[in-house]
Amino acid sequence: MMYEKGQRGASGCLVKVGDVSFGGEQLVLIAGPCAVESRAQLLETAVAVKEAGAVMLRGGAFKPRTSPYEFQGLCYKGLEYLAEARQLTGLPVVTEVMDTRDMAAVAEVADMIQIGSRNMHNYALLKEAGACGKPVLLKRGMSATIREFLFAAEYILQQGCSEVVLCVRGIRTFEETRFTMDLSAVPILKDKSWLPVMADPSHGTGDARLVPAMARAAVACGADGVMLESHAHPDLALCDGTQSLSPEGLARIVCEMRLVAEAVGRSLPMPISVCKEGEK
Ligand code: PEP
Ligand code: MN
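Below or above, wherever it landed, is the structure these notes cover. Keep in mind that this is a model prediction, so the values were computed, not measured.

1. Describing the overall build of the chain
So, point 1. Looking only at helices and strands, the chain features ten helices and ten strands.
So, point 2. The C-alpha radius of gyration computed for the chain amounts to 17 Å, which stays within 12% of the reference 19 Å derived for 280 residues, consistent with globular compactness.
So, point 3. Oriented by its inertia axes, the alpha-carbon framework of the chain measures out at about 50 × 45 × 40 Å.
So, point 4. Burial status across the chain gives 55% buried among its 280 residues.
So, point 5. Counted over contacts in the chain with a minimum sequence separation of 6, partners at least 24 positions apart contribute 68%.
So, point 6. Counting only carbon and sulfur atoms, one obtains 53% of the accessible surface of the chain, whose full area is about 11,800 Å².
So, point 7. Of the side chains in the chain, 29 bear a positive and 33 a negative charge, and the two mean positions are spaced by 2 Å.

This is the structure in structure tokens:
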């Protein structure tokens, strides 16, 4: 299998997206809103998450919503705003694609393509993603086994794409939380594959109050970074507001994760906003 350890040589485990390296000593923080809601919302949030320490911006233009009556995303307009947010902040952008018909348009704008949990088993989409020419962030299906997850990655790798990053995001169990944060999957995936592994405690818990603890734990158990939902005004979010952090909350978590990172031989830069605060 192409995902297996040993298939990429000793130094081959880095996945690069612009200046961002997944799988190196420095952890990667991806942050941004669940959904791109408007130009103003995205630009304000993008600037704020950069100040709070994010090195990549997330935001869904095409949203996989449980109810067809909920906000479905701004679609192509959302892609335009993401391109503008990158221009403004310099942050590379990761965004989800749900339909093979949108792949070319999303790949034209995105620096990294996201395959969401609900589409991890969509083999036609995985193959298109593998052939689109951009790195891919593959999220674990909420009911997928590790084997199924790794085979999904294999579908992408098989198309000649060698830039695949895995992301655990919680699985279905009988917990009180939205999902159960599948952190034991991190060392398992690291053991079985060379692929970098991210963790998404926002979807993994569904509750912003639980996100700091799970973000620290993700770093402690060897994740190569975290993806966190953050919104300039979480109370006003059209999607996943309860699990979204304020930019201040995000900066606090980054400071906490830094301490854990040091303890496990990794690093994470201090947020710009905290450095400015210290200079005052
Ligand atoms: C997301 O990250 O925007 C998302 C919808 O997450 P998931 O696919 O893990 O539910
Ligand atoms: Mn979300």
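Having put the structure on the table, let's press on.
2. Describing the site of ligand 1
So, point 1. Ligand 1 sits among Arg-58, Lys-63, Pro-64, Glu-96, Gln-114, Gly-116, Ser-117, Arg-118, Lys-139, Arg-169, His-203 and Met-227.
So, point 2. One of the side-chain nitrogen or oxygen atoms of Gln-114 is found 2.9 Å away from an oxygen atom of ligand 1.
So, point 3. For ligand 1, whose accessible area on its own is 290 Å², the fraction buried by protein is 97%.
So, point 4. Placement of ligand 1 is best described as lying within the largest pocket.
So, point 5. For the shell around ligand 1, the class distribution of residues is two nonpolar, four polar and six charged.

3. Describing the coordination of the manganese ion (ligand 2)
So, point 1. For the manganese ion (ligand 2), the full set of protein donor atoms is Cys-34 (SG), His-203 (NE2), Glu-229 (OE) and Asp-240 (OD), and the range of their distances to it is 2.0 to 2.4 Å.
So, point 2. Counting residues between consecutive donors of the manganese ion (ligand 2) along the chain gives the motif C-x168-H-x25-E-x10-D. Of the two residues, Cys-34 sits in the loop between β3 (28-32) and α1 (39-51) while His-203 sits in helix α7 (residues 201-205), which places them 169 residues apart along the sequence. Both residues of the pair, Cys-34 and His-203, belong to the buried class.

4. Some points on the pairing of β3
So, point 1. Within β3, five of the five residues are buried, leaving the element largely enclosed by the surrounding structure.
So, point 2. What you see with β3 is no split at all: Val-28, Ile-30 and Gly-32 on one side and Leu-29 and Ala-31 on the other are buried throughout.
So, point 3. Of the pairings in the sheet, the one linking β3 to strand β4 (residues 56-58) comprises two bridges and is parallel in character. Looking across to β4, one finds that Ala-31 is bridged to Leu-57.
So, point 4. In terms of handedness, the path from β3 via α1 over to β4 forms a crossover that is right-handed.

5. A few points about the pattern of salt bridges
So, point 1. Applying the stated criterion across every chain, the model contains 14 salt bridges.
So, point 2. Across the salt bridge formed by Arg-216 and Glu-256, the nearest N and O atoms sit 2.6 Å from each other. Note that Arg-216 is positioned in helix α8 (residues 211-220) and Glu-256 in helix α9 (residues 247-263), a separation of 40 residues in sequence.
So, point 3. Take Glu-256: its relative accessible area is 28%, and that puts it in the partly exposed class.
So, point 4. Between Asp-224 and Arg-266 there is a salt bridge, with its nearest N and O atoms 2.7 Å apart. Note that Asp-224 is positioned in the loop between α8 and β10 (225-229) and Arg-266 in the loop between α9 and α10 (272-279), a separation of 42 residues in sequence. When sorted by exposure, Asp-224 lands in the same class as Arg-266, which is buried.
So, point 5. Residues joined by salt bridges that share partners form a network here, namely Lys-190, Asp-224 and Arg-266.

Parameters and conventions
- Residues numbered from 1 in each chain as written.
- Chains lettered and ligands numbered in written order.
- Predicted model: local features only at pLDDT ≥ 70, side-chain atom pairs only at ≥ 80, totals over all residues.
- Heavy atoms only, no water.
- Helix = DSSP H or I, 4+ residues; strand = E, 2+ residues; numbered from the N terminus.
- Rg over C-alpha atoms; globule rule 2.2 N^0.38 Å.
- Buried < 20%, exposed > 50% of the residue type's maximum accessible area, 1.4 Å probe, protein only.
- Contact = heavy atoms within 4.5 Å.
- Areas by Shrake-Rupley, 256 points an atom, 1.4 Å probe, with all protein chains shown as cover.
- Lys, Arg positive; Asp, Glu negative; His and termini not counted.
- Charge placed at Lys NZ, Arg CZ, Asp CG, Glu CD.
- Near = heavy atom within 4 Å.
- Polar contact = N/O pair within 3.5 Å; in protein donor to acceptor, adjacent residues only side chain to side chain.
- 1 Å grid on protein atoms, 1.4 Å probe; cavity = no way out; pocket = protein on both sides within 12 Å on 5 of 7 lines; lining within 4 Å.
- Sits in = over half its atoms within 2 Å of the grid points.
- Nonpolar A, V, L, I, M, F, W, Y, C, P; charged D, E, K, R; others polar.
- Donors = N, O, S within 2.8 Å, 3.2 Å for Na, K, Ca; no water.
- Pairing = 2+ DSSP bridges.
- Right-handed = clockwise from strand over helix to strand, strands pointing away.
- Salt bridge = Lys/Arg side-chain N within 4 Å of Asp/Glu carboxyl O.

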